[in-house]
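Structure assessment
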Amino acid sequence: MSFKSRTKIKALLATEPTGQDVTVMGWVRNFRSNRFIALNDGSTINNVQIVVDFENTDESILKRITTSACLKITGKLIASQGSGQSVEIQAESVEILGDSDAEKYPIQPKKHSLEFLRENAHLRFRTATFSAVFRIRHTIAQAIHKFFSEKGFVYLHTPIITASDAEGAGEMFRVTTLPIDGSAPRNEDGSIDFSEDFFGKSTNLTVSGQLEGELGATALGEIYTFGPTFRAENSNTTRHLAEFWMVEPEMAFYDLEDNQDLAEEFIQYIIKYAMEQNADDLKFLDQRLKDEEKSLPQDKRQEFGLLEKLEFVTNNKFERITYTEAIDILLNSSHYKKKKFKFDISWGTDLQSEHERYLVEKHFKKPVIVTNYPAAIKSFYMRLNDGCEEGRQTVAAMDILAPGIGEIVGGSQREERYERLVARMEEMGVPVEELSWFLDTRRYGTCPHAGFGLGFERMVQFVTGMGNIRDVIPFARTPKNCEF
RNA sequence: UCCUCCUUAGCUCAGUUGGUUAGAGCAUCUGACUGUUAAUCAGAGGGUCGUUGGUUCAAGUCCAACAGGGGGAGCCA
């Protein structure tokens with residue numbers, strides 16, 4: 001038997017019903033009145049209603065139509081008599097492809113908490129919320145490739161296993177085949193002898209593909225990476241994962257302003273594309289958030305709904321301010337004068353979450369790009385700005401802060417001047433020898449260039465409105481949690 | 001890692017100043033009904049109250065440790 005005769009529910013729901021014969025396959029979401037099956041096949045958030053002629057259907061079949069049972073239905077597509085849907089299928093045959101024991105199946109036809117579903121992550125795809133989230137995640141991934149490809153960027157695969165631990169983006173996971181029971185070969189000083197290890201040296205999982213990305217950009221012109229990234233930080237928050245996906249474009253002949261323009265266009269492009277491709281899913285998530293908000297006290301509610309927020313972000317320019325301006329705004333805010341900030345504000349210290357939130361959510365009420373941070377609090381590869389005031393040296397860095405998420409993009413114009421870069425590496429204790437390969441970009445035909453990193457899951461969070469990053473990746477890896 | 005809150009039925013929760021047999025809604029099962037949309041109505045089953053130890057005549061309730069989870073912070077994307 002071939003399965004090619006099946007019609008996907010998404011296509012079916014867009015079809016004019018003329019009583020034509022159709023076959024659908026999918027999983028039962030709900031079975032009401034012994035007569036109405038809400039069937040879903042994942043092609044859309046919407047279910048198709050199957051009307052079963054229960055008086056002429058075998059009792060043993062009816063009993064097996066339980067939540068999440070897999071069915072093959074053939075019947076006629078007709079206009080619905082009910083008000084909840086425009087078309088429905090008058091079933092002529094109901095075949096059970098897979099039973100689902102209703103007493104044991106964990107996902108019930110009722111509301112569940114996200115925490116509970118997270119513990120059942122292997123089955124949560126079968127809920128409306130998560131199917132919507134993961135369809136949107138897919139769309140955003142596609143949008144990323146489409147955006148860069150249309151601009152002539154080359155998709156560069158940077159390594160996942162790396163010997164470089166110099167970037168300092170975070171704690172790393174070690175990769176080794178040496179025994180861990182204490183019998184690993186030792187050097188004379190007692191340290192592990194990694195020359196005996198698989199790669200003949202100490203290796204880790206990558207924390208960023210940026211340095212390799214720069215190698216690509218300084219030859220191919222414009223590249224982007226899009227792949228998994230690993231950080232062994234003990235971070236327990238709604239916006240950190242130990243394994244996450246990052247997009248890192250790197251462009252030759254870009255300065256900080258070009259970089260900002262690209263990042264802004266990129267984010268708006270992704271949102272627009274998702275709104276086009278996943279209108280039904282976003283409508284559902286929008287409603288879901290609205291329902292959730294109803295149970296919150298007035299002052300905790302969001303000013304915008306999800307769709308309003310996305311609409312607003314795509315139709316308005318991002319605010320662009322320098323770090324120094326941000327500090328001034330904060331110091332002059334009534335919030336500061338009323339001593340409502342927990343952390344102190346002064347030029348030279350990094351902005352705290354509460355400060356970023358104030359700028360984005362209270363002051364500007366839109367995404368904000370903060371540029372030109374103090375050199376002392378930023379990475380070695382960021383370009384030193386010329387002509388800074390004494391004691392106020394800044395770098396050509398930029399962070400994009402999004403409402404509800406915080407930092408969604410971090411980037412900079414890179415330091416292309418060899419001497420300055422090496423001086424800065426020495427100053428910050430970055431091993432120059434080890435990164436000699438990286439410095440070759442500056443030795444042989446160096447060029448002005450820039451790039452940024454976008455946290456893919458944070459972008460999915462922003463578009464779907466999901467509050468916890470663990471709910472926008474299929475199987476979350478976080479401290480003390482590596483299920484499935 | 002720090003602060004804080006939580007852990008009682010399959011799920012979401014209630015459980016009074018510590019006091020007899022631990023409750024509700026939903027889900028499940030049985031029956032009725034049959035154009036439903038979170039279907040409705042009637043009934044039933046379902047609990048070592050996260051774990052360990054302590055206080056007490058008596059602990060779901062008080063105390064401690066541990067485990068797991070949520071929210072916030074730091075680190076960042």
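Residues numbered from 1 in each chain as written. Chains lettered and ligands numbered in written order. Predicted model: local features only at pLDDT ≥ 70, side-chain atom pairs only at ≥ 80, totals over all residues. Heavy atoms only, no water.

Description of the sheet that holds strand β9 (residues 203-205)
- Taken in spatial order, the three strands make up an open sheet running β7-β9-β8, and their pairing is antiparallel. Edge positions in the sheet fall to β7 (161-162) and β8 (174-175), since each of these pairs with one other strand and no more.
- Alignment of β7 against β9, held across two bridges, turns out to be antiparallel. If you follow Thr 162 over to β9, its bridge partner there is Asn 204. (Pairing = 2+ DSSP bridges. Helix = DSSP H or I, 4+ residues; strand = E, 2+ residues; numbered from the N terminus.)

Focus: the packing of aromatic side chains
- For the structure shown, the criterion picks out 23 aromatic pairs.
- On the basis of an interplanar angle of 75° and a centroid distance of 5.8 Å, the ring pair of Phe 125 and Phe 475 is categorised as edge-to-face. Remark: Phe 475 occurs in the segment after α14 (456-464) and Phe 125 occurs in the loop between α3 (114-119) and α4 (128-150); sequence separation between them is 350 residues.
- Aromatic pair Phe 147 and Phe 148: ring centres 5.1 Å apart, planes at 80°, arrangement edge-to-face. Take Phe 147 and Phe 148: they sit in the same class, and that class is buried. (Phe/Tyr/Trp six-rings, centres within 6.5 Å; stacked < 30°, edge-to-face > 60°. Buried < 20%, exposed > 50% of the residue type's maximum accessible area, 1.4 Å probe, protein only.)

Let's talk about the domain arrangement of chain A
- Domain assignment breaks chain A into domain 1 (9-105) and domain 2 (128-172 + 207-471).
- Here the C-alpha centroids of domain 1 and domain 2 sit 45 Å apart.
- Between domain 1 and domain 2, the residue contacts involve six residues of the former and seven residues of the latter.
- Buried area between domain 1 and domain 2, summed over both chains or domains, comes out near 470 Å², and the portion from carbon and sulfur atoms is 50%.
- Together, Arg 29, Gly 42 and Ile 45 form the three largest contributors to the area buried by domain 1 at its contact with domain 2, with a combined 78%.
- Remark: the boundary between domain 1 and domain 2 carries zero salt bridges.
- Linking domain 1 with domain 2 are two residue pairs in polar contact (both at pLDDT 80 or more).
- Residue composition of the side of domain 1 that touches domain 2, by class: one nonpolar, four polar and one charged. (Domains from an automatic or database assignment. Contact = heavy atoms within 4.5 Å. Buried area = accessible area lost by both parts, 1.4 Å probe. Salt bridge = Lys/Arg side-chain N within 4 Å of Asp/Glu carboxyl O. Polar contact = N/O pair within 3.5 Å; in protein donor to acceptor, adjacent residues only side chain to side chain. Nonpolar A, V, L, I, M, F, W, Y, C, P; charged D, E, K, R; others polar.)

So, a nonpolar patch on the surface
- Side chains of Ile 160, Ile 161, Phe 198 and Phe 199 sit close together on the surface and give an oily, nonpolar patch of about 400 Å² of accessible area.
- Topologically, Phe 198 is positioned in the loop between β8 and β9. (Patch = residues over 30% accessible without salt bridge, like charges linked within 9 Å, V, L, I, M, F, W, Y side chains within 5 Å. Areas by Shrake-Rupley, 256 points an atom, 1.4 Å probe, with all protein chains shown as cover.)

A short note on the pairing of strand β5 (residues 87-98)
- Inspection of the sheet shows strand β3 (residues 48-51) paired to β5 by three bridges, in the parallel sense. Each bridged residue has a counterpart across the sheet, and for Val 51 the counterpart in β5 is Gln 90.
- Across ten bridges, the pairing between strand β4 (residues 70-79) and β5 is antiparallel. Directly across from Thr 74, in β5, lies its bridge partner Ser 93.

Details of a positive patch on the surface
- A surface patch of positive charge is lined by Lys 338, Lys 340, Arg 357 and Lys 362.
- Counting through the fold element by element, Lys 338 comes out in the loop between α10 (334-337) and α11 (353-364).
- The exposure class assigned to Lys 338 is exposed, which follows from its relative accessible area of 55%. (Lys, Arg positive; Asp, Glu negative; His and termini not counted. Charge placed at Lys NZ, Arg CZ, Asp CG, Glu CD.)

Structural notes on the pattern of salt bridges
- Within this structure, the stated rule accounts for 28 salt bridges.
- The salt bridge partner of Asp 386 is Arg 383, with a shortest N-O separation of 4.0 Å.
- Its salt-bridge partner being Glu 415, residue Arg 417 comes within 2.7 Å of it at the nearest N-O pair.
- Classification of Glu 415 by relative accessible area gives buried; the value is 1%.

Topic: unusual backbone geometry
- Even without glycine at this site, Phe 253 takes up a positive phi of about 60°.
- Positionally, Phe 253 belongs in the loop between β11 (243-252) and α6 (256-277).
- Here the phi dihedral of Lys 480 falls at roughly 65°; this positive angle occurs in a residue that is not glycine.
- The topology assignment puts Lys 480 in the segment after α14.

Comments concerning the packing of α6 against α14
- At a minimum axis distance of 11 Å, the contact between α6 and α14 shows a crossing angle of 50°. By the angle between their directions, the pair α6 and α14 is classed as oblique. Classified by chirality, the crossing of α14 by α6 is right-handed. Across from Ile 267, Ile 270, Ile 271 and Ala 274 in α6, the residues of α14 making contact are Met 459, Phe 462 and Val 463.
- Residue classes in the contact of α6 with α14 are distributed as seven nonpolar, no polar and no charged. (Axes fitted to C-alpha atoms, helices over the stretch in contact; angles between N-to-C directions. Parallel < 35°, antiparallel > 145°, perpendicular 65-115°, else oblique. Left-handed = near helix turned anticlockwise from the far one by under 90°.)

Here's the deal with the sheet that holds strand β1 (residues 21-32)
- Strand order in the closed barrel made by the five strands is β1-β2-β3-β5-β4, with mixed pairing throughout. The mean angle between the axes of side-by-side strands here comes to 55°, regardless of whether they run parallel or antiparallel.

Digging into the protein's contact with RNA strand B
- Around RNA strand B sit 52 residues in total, of which Lys 110, Ser 235, Thr 237, His 240 and Arg 458 are the nearest.
- Sugar and phosphate atoms constitute 48% of the interface atoms of RNA strand B, taking the interface as everything within 4 Å of the protein.
- Note that a phosphate oxygen of RNA strand B is positioned 2.8 Å from one of the side-chain N or O atoms of Ser 353.
- Take Asn 468: an N or O atom from its side chain is 3.3 Å from a phosphate oxygen of RNA strand B.
- Looking at the surface near RNA strand B, the elements with two or more residues in it are β1, α3, β11, α11, β15 (406-413) and β16 (449-455).
- No other element matches the four residues that β15 contributes to the surface near RNA strand B.
- A class-by-class count of the residues in the surface near RNA strand B yields eleven nonpolar, 24 polar and 17 charged. (Near = heavy atom within 4 Å.)

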